[in-house]
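# A closer look at the structure
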Amino acid sequence: MSDPRHDLELLANCEEELAGLRKACARLPRDIEALEEQARSARARIDLAEAELAEAEKARRTKEAEIEDSRAQRGKLEAQTAMVKTNEEYHALLREIDGAGARISQLEDEVLELMERIEDLGTRAAEVGKEQSAAEAELLGRAAGVRAELERAGARVDEVTGERELIIPRLGETIARQYQRVAARGGLPVAKILGTSCGGCHREVPPQLINQVQAGELHHCSYCLAILVPDPDADTP
Ligand SMILES: [Zn+2]
C-alpha cells in the first residue's frame, strides 16, 4: 500500500513541472519565430545590397550599349561626308557628328561615375554579406537550439503525464475522483502550500488549514480547489 501523502506530493511535483513545461511550450515557438524573423531580416539586408549592386551594373551595361550605338551612328555619319554634294549638307553632317561625339562623351562620363558607384556598392555588398551571413547563421543556430529545447519539453510533458497517470490510481477512488474533477476545471489539481499561501493560486491559506494538512488531512484550497499538500520546507508539527 503506497502512502497517499507521498503520492500527493509526487503529484504536486508533476503538476508543478507540467505547468512550467506548458508555459515553455507556449513561449518557445514564439522565441523560434522571433529568431527566424531576425535571420530573415539579415538575409534581406544581404539581398538588398546585392540588388543595388546588380542594378548599378545593369545601368552600366545599358550605357555601354548606348555608347556602342552612338559610335556606330557617328561612323555612319562620317561615311556620309564623302557622299554629300553641297556645303550646307556637309556642315549639317558635321554638326550631327559633333552631336554624336558630345553624346558619347557624356555617356562615357556617366559610365565612369557608375563604375565608381559599382566599386562602392561592391565593397558594401561584401561587407554586408560577411556581417549579415554571420548574424544569420548565429540566429538560425540559436533558433535550432530553441527548437531542440521545445522538443525536449514536449517529450518531458509526455513523460511527466505518464508518471502522473501511474500515481493517480494509487490515491484511491475518492481522491482520484476529486483530483480529476479539479483537473477538469483547468486548474492545478494538487498544490503545495508555500509558506502560508496556496502554490496554485498564491492566495493565503488559513493557519488552521495549514496545520490540518500538515497533520495528514485532505483539504482543498477554498479559492482554486487544488488538493493541498504540506509545504516541503515547513517543519511537520
Ligand atoms: Zn489555491
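See the structure above.
Rules of the game
- Residues numbered from 1 in each chain as written.
- Predicted model: local features only at pLDDT ≥ 70, side-chain atom pairs only at ≥ 80, totals over all residues.
- Heavy atoms only, no water.
- Helix = DSSP H or I, 4+ residues; strand = E, 2+ residues; numbered from the N terminus.
- Rg over C-alpha atoms; globule rule 2.2 N^0.38 Å.
- Buried < 20%, exposed > 50% of the residue type's maximum accessible area, 1.4 Å probe, protein only.
- Areas by Shrake-Rupley, 256 points an atom, 1.4 Å probe, with all protein chains shown as cover.
- Lys, Arg positive; Asp, Glu negative; His and termini not counted.
- Charge placed at Lys NZ, Arg CZ, Asp CG, Glu CD.
- Core = buried A, V, L, I, M, F, W, Y, C linked by side-chain atoms within 4.5 Å.
- Domains from an automatic or database assignment.
- Donors = N, O, S within 2.8 Å, 3.2 Å for Na, K, Ca; no water.
- Tetrahedral: all angles 85-135°; square planar, octahedral: opposite > 155°, others 65-115°.

Moving on to the overall build of the chain. Broken down by element type, the chain carries four helices and three strands. Along the chain, helices (α) and strands (β) appear in the sequence α-α-α-β-β-α-β when read from the amino end. Against the 2.2 N^0.38 benchmark of 18 Å for 237 residues, the chain shows a C-alpha radius of gyration of 40 Å, more extended than a compact globule. Taking the principal axes of the C-alpha coordinates as reference, the chain spans close to 125 × 30 × 30 Å. Taken over 237 residues, the chain has a buried fraction of 31%. Total accessible area on the chain stands at roughly 14800 Å², and carbon and sulfur atoms take up 52% of it. When the 32 basic and 47 acidic side-chain charges of the chain are each reduced to a single mean position, those positions are 4 Å apart.

Once that is clear, we can look at the nonpolar core. Nonpolar side chains in soluble globular proteins tend to be buried together. Judged by nonpolar contacts, the single largest core of 18 residues is most densely connected at L8, L11, L21, Y179, V190 and I227. Going through the elements one at a time, α1 (4-80), α2 (87-167), α3 (173-184) and β3 (227-229) are the ones with two or more residues in this core. Per-element accounting of this core gives the leading share, six residues, to α1. Residue-level mapping places this core at the junction of two domains, with at least three residues from each of domain 1 (4-171) and domain 2 (173-229).

Taken together, C198 (SG), C201 (SG), C221 (SG) and C224 (SG) make up the full set of protein donors to the zinc ion, lying 2.2 to 2.3 Å away. Around the zinc ion, the four donor atoms sit at angles spanning 104 to 116°, and that spread fits a shape best called tetrahedral. Written as a sequence motif, the donor arrangement for the zinc ion is C-x2-C-x19-C-x2-C. In this pair, C201 sits in the loop between β2 (197-198) and α4 (207-214) while C224 sits in the loop between α4 and β3, placing the two residues 23 residues apart along the sequence. On the basis of relative accessibility, which here comes to 22%, the residue C224 falls in the partly exposed class.

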